[in-house]
Amino acid sequence: MNDKSAIVALIGLRCSGKSSVGKQLAKQLGRTFVDLDIELARDFTAGRELAQPLAAGEILSTFGESAFRDAEQRSLERVLMRGGACVIATGGGVIERAANRESLKRVATCVWLRVPIAELQRRMRSDGGTRPALLGNDPVTEIADIEARREPLYAEVADHTIECGTLGTAEIARQISELLTERP
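Here is a short report on the structure shown in this document. (Residues numbered from 1 in each chain as written. Predicted model: local features only at pLDDT ≥ 70, side-chain atom pairs only at ≥ 80, totals over all residues. Heavy atoms only, no water.)

## Digging into the pattern of salt bridges
For the structure on display, the rule yields 19 salt bridges. The closest approach of N and O atoms between D70 and R97, which form a salt bridge, is 2.6 Å. Within this pair, whereas D70 is found in helix α4 (residues 65-82), its partner R97 is found in the loop between β3 (86-89) and α5 (98-107), the two being separated by 27 residues in sequence. Overall, the relative accessible area of 21% leaves R97 in the partly exposed class. Between E151 and R114 there is a salt bridge, with the nearest N and O atoms lying 3.0 Å from each other. Taken together, the residues E151 in helix α7 (residues 139-157) and R114 in strand β4 (residues 109-114) connect sequence positions 37 residues apart. Its relative accessible area of 27% is what places E151 among the partly exposed residues. What emerges from the salt-bridge pattern is a single network uniting E39, R42, D43, R78 and R82. (Salt bridge = Lys/Arg side-chain N within 4 Å of Asp/Glu carboxyl O. Helix = DSSP H or I, 4+ residues; strand = E, 2+ residues; numbered from the N terminus. Buried < 20%, exposed > 50% of the residue type's maximum accessible area, 1.4 Å probe, protein only.)

Here you go:
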């Protein structure tokens, strides 16, 4: 697929709103919504004799980051090669691998959802789900270090950046939709 406008990939740190905004944006654009974490969990579970399906965070904490990133890369490639107009909510660390960055830059319009650290920490504290630590620290406090490491990678991939702050889901989706329909 050569038309980058057919696939919109939302990138950004955990709790930046990629899934919520992605669902809203897909609805506005009349496109399929794909949550890469769900695809990864489905792909990882398929063919394995597990007592129960695992969520993406459980795969990360149980099998380690390397196995998780391998599975994430395979799922991303499968989703990107599937074709068709869609909105993808990527995992926060998908940009950690150069191959993923290249694939995203080649076939998708990437929109970086930037959220201030204090707001991300607030969201993480109020989030009922458990998010595994990535650096061995408390997930809420380590987010600043993760941002410092990933910020240049997000910037490398992003076609557009939305400074989300405390904007609501509908407003962020509207802004992205406007960016995508603007003519140069």
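## Some details on empty space enclosed by the protein
Evaluation of the coordinates by the stated rule reveals one cavity of 30 Å³ or more. The volume enclosed by the largest cavity comes to roughly 70 Å³. Looking at the lining of the largest cavity, the elements that each hand over two or more residues are β4 and α7. A per-element tally of the lining of the largest cavity places β4 first, with three residues. (1 Å grid on protein atoms, 1.4 Å probe; cavity = no way out; pocket = protein on both sides within 12 Å on 5 of 7 lines; lining within 4 Å. Points joined across faces, edges and corners; volume = space filled by probe spheres on them.)

## A word on the nonpolar core
L10, I88, L104, L113 and I176 are the most contacted members of the largest nonpolar core, which totals 42 residues. A total of six residues in this core trace back to one element, the largest contributor, which is α7. Leaving out residues up to four positions away in the same chain, L10 has contacts with K18, V21, G22, L25, V87, I88, A89, T90, V111, L113 and I176. With nine residues, the next largest nonpolar core counts A41, L60, F68 and A71 among its residues. (Core = buried A, V, L, I, M, F, W, Y, C linked by side-chain atoms within 4.5 Å. Contact = heavy atoms within 4.5 Å.)

## Describing unusual backbone geometry
A positive phi angle is found at C15, which is not glycine, with a value near 70°. Relative to the helices and strands, C15 resides in the loop between β1 (7-11) and α1 (18-29).

## Digging into the side chain of D35
Looking at the secondary structure, you find D35 in strand β2 (residues 32-35). Notably, D35 is buried but unbridged: the nearest opposite-charge side chain belongs to K23, and the N-O separation is 5.9 Å. Among the polar contacts made by the side chain of D35, one reaches the side chain of S19 at a distance of 2.9 Å. (Lys, Arg positive; Asp, Glu negative; His and termini not counted. Polar contact = N/O pair within 3.5 Å; in protein donor to acceptor, adjacent residues only side chain to side chain.)

## Points about the pairing of β3
Burial of the side chains of β3 extends over both faces: C86 and I88 are buried on one face and V87 and A89 on the other. Both β1 and β3 contribute to a ladder of four bridges, which runs parallel. In the strand pairing of β3, A9 is matched with I88. As paired strands, β2 and β3 are joined by four bridges and run parallel to one another. Residue pairing in the sheet places F33 in a bridge with V87 of β3. (Pairing = 2+ DSSP bridges.)

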